[in-house]
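Structural overview
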Amino acid sequence: AQSVTQLDSHVSVSEGTPVLLRCNYSSSYSPSLFWYVQHPNKGLQLLLKYTSAATLVKGINGFEAEFKKSETSFHLTKPSAHMSDAAEYFCVVSDLFGGGYQKVTFGTGTKLQVIP
Amino acid sequence: DAGITQSPRHKVTETGTPVTLRCHQTENHRYMYWYRQDPGHGLRLIHYSYGVKDTDKGEVSDGYSVSRSKTEDFLLTLESATSSQTSVYFCAIRPREELTDTQYFGPGTRLTVL
(Lines give C-alpha, C1' and ligand atoms only; values in the text may rest on other atoms or scores of the structure.)
Protein backbone atom coordinates (compact mmCIF):
# COMPACT_ATOMS: atom_id res chain seq x y z
CA ALA A 1 0.00 0.00 0.00
CA GLN A 2 1.12 3.55 -0.66
CA SER A 3 0.42 6.50 1.60
CA VAL A 4 1.84 9.79 2.81
CA THR A 5 1.23 11.56 6.10
CA GLN A 6 2.27 15.14 6.66
CA LEU A 7 2.26 15.42 10.40
CA ASP A 8 1.52 19.14 10.66
CA SER A 9 -1.09 21.02 8.66
CA HIS A 10 0.35 24.39 9.78
CA VAL A 11 3.82 25.37 10.96
CA SER A 12 4.76 28.84 12.14
CA VAL A 13 8.37 30.00 12.55
CA SER A 14 10.12 33.29 13.03
CA GLU A 15 12.28 34.64 10.26
CA GLY A 16 15.85 33.41 10.67
CA THR A 17 14.93 30.32 12.70
CA PRO A 18 15.05 26.71 11.47
CA VAL A 19 12.24 25.07 9.56
CA LEU A 20 11.15 21.45 10.03
CA LEU A 21 8.26 20.02 8.01
CA ARG A 22 7.56 16.39 8.77
CA CYS A 23 6.54 13.63 6.38
CA ASN A 24 6.06 9.90 6.88
CA TYR A 25 5.40 7.55 4.03
CA SER A 26 4.42 3.99 3.28
CA SER A 27 5.25 1.95 0.21
CA SER A 28 5.57 -1.74 -0.57
CA TYR A 29 8.41 -1.00 -3.00
CA SER A 30 11.44 1.26 -3.21
CA PRO A 31 9.79 4.59 -3.76
CA SER A 32 10.95 7.96 -4.90
CA LEU A 33 10.04 10.81 -2.61
CA PHE A 34 9.51 14.44 -3.45
CA TRP A 35 8.83 17.76 -1.84
CA TYR A 36 6.96 20.40 -3.81
CA VAL A 37 6.26 23.98 -2.83
CA GLN A 38 3.20 26.00 -3.78
CA HIS A 39 3.12 29.72 -3.30
CA PRO A 40 -0.30 31.38 -3.11
CA ASN A 41 -2.25 31.13 -6.36
CA LYS A 42 0.65 29.41 -8.09
CA GLY A 43 1.41 25.97 -9.42
CA LEU A 44 3.59 23.37 -7.73
CA GLN A 45 7.34 23.74 -7.97
CA LEU A 46 9.73 20.85 -7.36
CA LEU A 47 11.92 21.50 -4.32
CA LEU A 48 13.84 18.25 -4.19
CA LYS A 49 13.72 14.55 -4.95
CA TYR A 50 15.05 11.34 -3.39
CA THR A 51 15.69 8.38 -5.67
CA SER A 52 17.77 5.89 -3.63
CA ALA A 53 21.11 7.58 -4.08
CA ALA A 54 22.31 9.78 -1.20
CA THR A 55 19.94 9.78 1.76
CA LEU A 56 20.48 13.50 2.36
CA VAL A 57 19.03 15.42 -0.54
CA LYS A 58 19.69 19.08 -1.21
CA GLY A 59 17.11 21.16 -3.00
CA ILE A 60 16.55 24.67 -4.13
CA ASN A 61 16.45 27.74 -1.88
CA GLY A 62 18.50 26.12 0.89
CA PHE A 63 16.08 23.29 1.65
CA GLU A 64 17.16 19.73 2.26
CA ALA A 65 15.52 16.47 3.26
CA GLU A 66 16.80 13.27 4.79
CA PHE A 67 15.45 9.87 3.81
CA LYS A 68 15.28 7.51 6.81
CA LYS A 69 14.10 4.10 5.74
CA SER A 70 13.96 2.68 9.27
CA GLU A 71 11.63 5.49 10.32
CA THR A 72 9.83 5.72 6.95
CA SER A 73 10.34 9.46 7.10
CA PHE A 74 11.38 12.18 4.69
CA HIS A 75 11.40 15.40 6.70
CA LEU A 76 12.14 18.75 5.05
CA THR A 77 14.46 21.22 6.77
CA LYS A 78 16.02 24.61 6.27
CA PRO A 79 18.50 26.21 8.67
CA SER A 80 17.11 29.72 8.49
CA ALA A 81 13.63 30.70 7.34
CA HIS A 82 13.10 33.60 4.98
CA MET A 83 9.88 35.52 4.46
CA SER A 84 9.74 34.20 0.89
CA ASP A 85 9.50 30.63 2.25
CA ALA A 86 5.91 31.23 3.33
CA ALA A 87 3.96 28.77 1.20
CA GLU A 88 2.34 25.35 1.25
CA TYR A 89 4.58 22.31 1.02
CA PHE A 90 3.60 18.88 -0.26
CA CYS A 91 5.34 15.59 0.36
CA VAL A 92 4.84 13.04 -2.42
CA VAL A 93 5.60 9.33 -2.73
CA SER A 94 5.98 7.67 -6.12
CA ASP A 95 6.34 4.07 -7.23
CA LEU A 96 7.39 3.41 -10.81
CA PHE A 97 6.58 0.08 -12.44
CA GLY A 98 7.45 -1.70 -15.64
CA GLY A 99 6.12 -0.10 -18.79
CA GLY A 100 6.30 3.32 -17.21
CA TYR A 101 3.19 3.04 -15.04
CA GLN A 102 3.46 5.32 -12.02
CA LYS A 103 1.48 5.45 -8.80
CA VAL A 104 1.71 8.72 -6.92
CA THR A 105 0.23 9.85 -3.62
CA PHE A 106 0.31 13.42 -2.37
CA GLY A 107 0.29 14.44 1.24
CA THR A 108 -2.37 16.87 2.39
CA GLY A 109 0.09 19.73 2.65
CA THR A 110 1.77 21.83 5.35
CA LYS A 111 1.28 25.58 5.34
CA LEU A 112 4.39 27.38 6.49
CA GLN A 113 3.96 30.80 8.05
CA VAL A 114 7.06 32.94 8.56
CA ILE A 115 6.75 35.67 11.17
CA PRO A 116 8.89 38.78 10.72
CA ASP B 1 6.81 25.72 -15.83
CA ALA B 2 8.15 22.91 -18.08
CA GLY B 3 6.41 24.39 -21.13
CA ILE B 4 2.91 23.66 -19.83
CA THR B 5 0.00 26.01 -20.31
CA GLN B 6 -3.54 25.62 -19.08
CA SER B 7 -6.64 27.36 -20.37
CA PRO B 8 -8.72 28.97 -19.19
CA ARG B 9 -6.98 30.07 -16.01
CA HIS B 10 -10.24 31.00 -14.35
CA LYS B 11 -13.78 29.95 -15.12
CA VAL B 12 -17.16 30.42 -13.50
CA THR B 13 -19.97 28.25 -14.75
CA GLU B 14 -23.39 27.04 -13.70
CA THR B 15 -24.47 23.64 -12.47
CA GLY B 16 -25.36 21.28 -15.30
CA THR B 17 -23.27 22.90 -18.00
CA PRO B 18 -20.41 21.10 -19.74
CA VAL B 19 -16.91 22.48 -19.21
CA THR B 20 -13.66 21.67 -20.99
CA LEU B 21 -10.24 22.50 -19.64
CA ARG B 22 -7.19 22.37 -21.83
CA CYS B 23 -3.63 21.42 -21.04
CA HIS B 24 -1.02 22.16 -23.69
CA GLN B 25 2.63 21.16 -23.70
CA THR B 26 5.34 21.99 -26.17
CA GLU B 27 7.99 19.34 -25.46
CA ASN B 28 6.48 16.13 -26.78
CA HIS B 29 6.09 14.46 -23.37
CA ARG B 30 4.36 11.11 -23.38
CA TYR B 31 2.73 11.20 -19.95
CA MET B 32 0.16 13.80 -18.97
CA TYR B 33 -2.01 14.01 -15.85
CA TRP B 34 -5.03 15.89 -14.54
CA TYR B 35 -5.35 16.53 -10.82
CA ARG B 36 -7.74 18.45 -8.65
CA GLN B 37 -6.65 20.29 -5.53
CA ASP B 38 -9.00 20.78 -2.61
CA PRO B 39 -8.21 22.03 0.91
CA GLY B 40 -7.23 19.18 3.21
CA HIS B 41 -6.87 16.69 0.35
CA GLY B 42 -3.65 17.61 -1.38
CA LEU B 43 -3.78 16.73 -5.06
CA ARG B 44 -5.87 13.83 -6.30
CA LEU B 45 -5.50 12.20 -9.69
CA ILE B 46 -8.50 12.43 -12.02
CA HIS B 47 -7.20 10.89 -15.25
CA TYR B 48 -3.90 10.38 -16.94
CA SER B 49 -2.61 9.69 -20.44
CA TYR B 50 0.32 7.60 -21.59
CA GLY B 51 0.08 8.48 -25.26
CA VAL B 52 -2.21 9.68 -28.01
CA LYS B 53 -5.64 8.15 -27.44
CA ASP B 54 -4.29 6.19 -24.45
CA THR B 55 -5.90 7.29 -21.20
CA ASP B 56 -6.86 5.76 -17.88
CA LYS B 57 -8.79 6.67 -14.76
CA GLY B 58 -7.40 7.99 -11.52
CA GLU B 59 -8.89 7.88 -8.05
CA VAL B 60 -11.53 10.61 -8.55
CA SER B 61 -12.64 10.13 -12.16
CA ASP B 62 -16.42 10.08 -11.69
CA GLY B 63 -18.04 12.96 -13.59
CA TYR B 64 -14.94 13.61 -15.71
CA SER B 65 -13.78 12.47 -19.11
CA VAL B 66 -10.57 13.15 -21.02
CA SER B 67 -9.30 13.09 -24.54
CA ARG B 68 -5.90 13.20 -26.14
CA SER B 69 -6.05 13.35 -29.92
CA LYS B 70 -2.54 14.77 -30.30
CA THR B 71 0.57 14.63 -28.15
CA GLU B 72 0.55 18.24 -27.08
CA ASP B 73 -3.04 18.55 -25.85
CA PHE B 74 -4.85 16.80 -23.01
CA LEU B 75 -8.45 17.88 -22.49
CA LEU B 76 -10.49 17.43 -19.33
CA THR B 77 -14.27 17.61 -19.67
CA LEU B 78 -16.82 17.93 -16.94
CA GLU B 79 -19.83 16.47 -18.67
CA SER B 80 -22.39 18.19 -16.40
CA ALA B 81 -20.70 20.38 -13.84
CA THR B 82 -21.71 20.14 -10.20
CA SER B 83 -20.83 22.35 -7.23
CA SER B 84 -18.65 19.54 -5.85
CA GLN B 85 -16.39 20.02 -8.86
CA THR B 86 -15.49 23.54 -7.78
CA SER B 87 -11.75 23.19 -7.39
CA VAL B 88 -8.36 24.10 -8.73
CA TYR B 89 -7.30 21.82 -11.55
CA PHE B 90 -3.68 21.13 -12.34
CA CYS B 91 -2.17 19.48 -15.35
CA ALA B 92 1.18 17.75 -15.05
CA ILE B 93 3.62 16.10 -17.40
CA ARG B 94 6.26 13.47 -16.88
CA PRO B 95 9.25 13.69 -19.23
CA ARG B 96 9.44 11.04 -21.89
CA GLU B 97 12.30 9.09 -20.36
CA GLU B 98 10.74 5.91 -18.99
CA LEU B 99 12.86 5.80 -15.87
CA THR B 100 12.00 9.20 -14.52
CA ASP B 101 9.08 9.70 -12.17
CA THR B 102 9.28 13.45 -11.66
CA GLN B 103 6.14 15.32 -12.59
CA TYR B 104 6.07 18.99 -13.52
CA PHE B 105 2.98 21.08 -13.09
CA GLY B 106 1.14 23.72 -15.02
CA PRO B 107 -0.13 26.95 -13.46
CA GLY B 108 -3.63 25.64 -12.71
CA THR B 109 -7.22 26.48 -13.59
CA ARG B 110 -9.57 27.76 -10.92
CA LEU B 111 -13.09 26.51 -11.64
CA THR B 112 -16.15 27.70 -9.79
CA VAL B 113 -19.48 25.94 -10.33
CA LEU B 114 -22.46 27.95 -9.09
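Residues numbered from 1 in each chain as written. Chains lettered and ligands numbered in written order. Predicted model: local features only at pLDDT ≥ 70, side-chain atom pairs only at ≥ 80, totals over all residues. Heavy atoms only, no water.

As for the overall build of chain B
Along the backbone of chain B there are zero helices and eleven strands. For chain B, whose C-alpha radius of gyration is 13 Å, the value lies close to the compact-globule estimate of 13 Å for 114 residues. Dimensions of chain B, computed from the C-alpha atoms along their principal axes, are close to 40 × 30 × 25 Å. Buried positions account for 50% of the 114 residues belonging to chain B. (Helix = DSSP H or I, 4+ residues; strand = E, 2+ residues; numbered from the N terminus. Rg over C-alpha atoms; globule rule 2.2 N^0.38 Å. Buried < 20%, exposed > 50% of the residue type's maximum accessible area, 1.4 Å probe, protein only.)

Some remarks on the pattern of salt bridges
Applying the stated criterion across every chain, the model contains eight salt bridges over all chains. Lys78 of chain A serves as the salt-bridge partner of Asp85 of chain A, at 2.8 Å between the closest nitrogen and oxygen. For the pair formed by Asp85 of chain A and Lys78 of chain A, the shared burial category is buried. Asp73 of chain B is paired through a salt bridge with Lys70 of chain B; the nearest N and O atoms lie 3.7 Å apart. On the basis of relative accessibility, which here comes to 41%, the residue Lys70 of chain B falls in the partly exposed class. Salt bridges here are not isolated pairs; linked through shared partners, they connect Arg22, Lys70 and Asp73 of chain B. (Salt bridge = Lys/Arg side-chain N within 4 Å of Asp/Glu carboxyl O.)

Digging into the sheet that holds strand E3 (residues 19-25) of chain B
All names here are of chain B. As summarised here, the arrangement of the four strands in space is E1-E3-E8-E7, forming an open sheet in which the pairing is antiparallel. If you trace the sheet from one side to the other, it starts and ends with strand E1 (4-7) and strand E7 (64-70), each paired once. Sheet twist, expressed as the average angle between the axes of neighbouring strands with direction ignored, equals 20°. Examined bridge by bridge, E1 and E3 share four bridges and lie antiparallel to one another. Bridging across to E3, Gln6 finds its partner in Cys23. (Pairing = 2+ DSSP bridges. Axes fitted to C-alpha atoms, helices over the stretch in contact; angles between N-to-C directions.)

Looking at the interface of chain A and chain B
Opposite the 22 residues of chain A that make contact, chain B presents 23 residues. Both sides of the chain A and chain B interface together cover about 1,600 Å² of buried area, and 48% of this is carbon and sulfur. Here chain A and chain B share one salt bridge between them. For Asp101 of chain B, the salt bridge identified is with Lys49 of chain A, shortest N-O distance 3.3 Å. Inspection of the chain A/chain B interface yields eleven residue pairs in polar contact (both at pLDDT 80 or more). Breaking the side of chain A that touches chain B down by element, the ones donating at least two residues are strand E5 (32-38), strand E6 (44-50), strand E10 (87-96) and strand E11 (102-106) of chain A. Across the side of chain A that touches chain B, the residue classes tally to nine nonpolar, ten polar and three charged. (Contact = heavy atoms within 4.5 Å. Buried area = accessible area lost by both parts, 1.4 Å probe. Polar contact = N/O pair within 3.5 Å; in protein donor to acceptor, adjacent residues only side chain to side chain. Nonpolar A, V, L, I, M, F, W, Y, C, P; charged D, E, K, R; others polar.)

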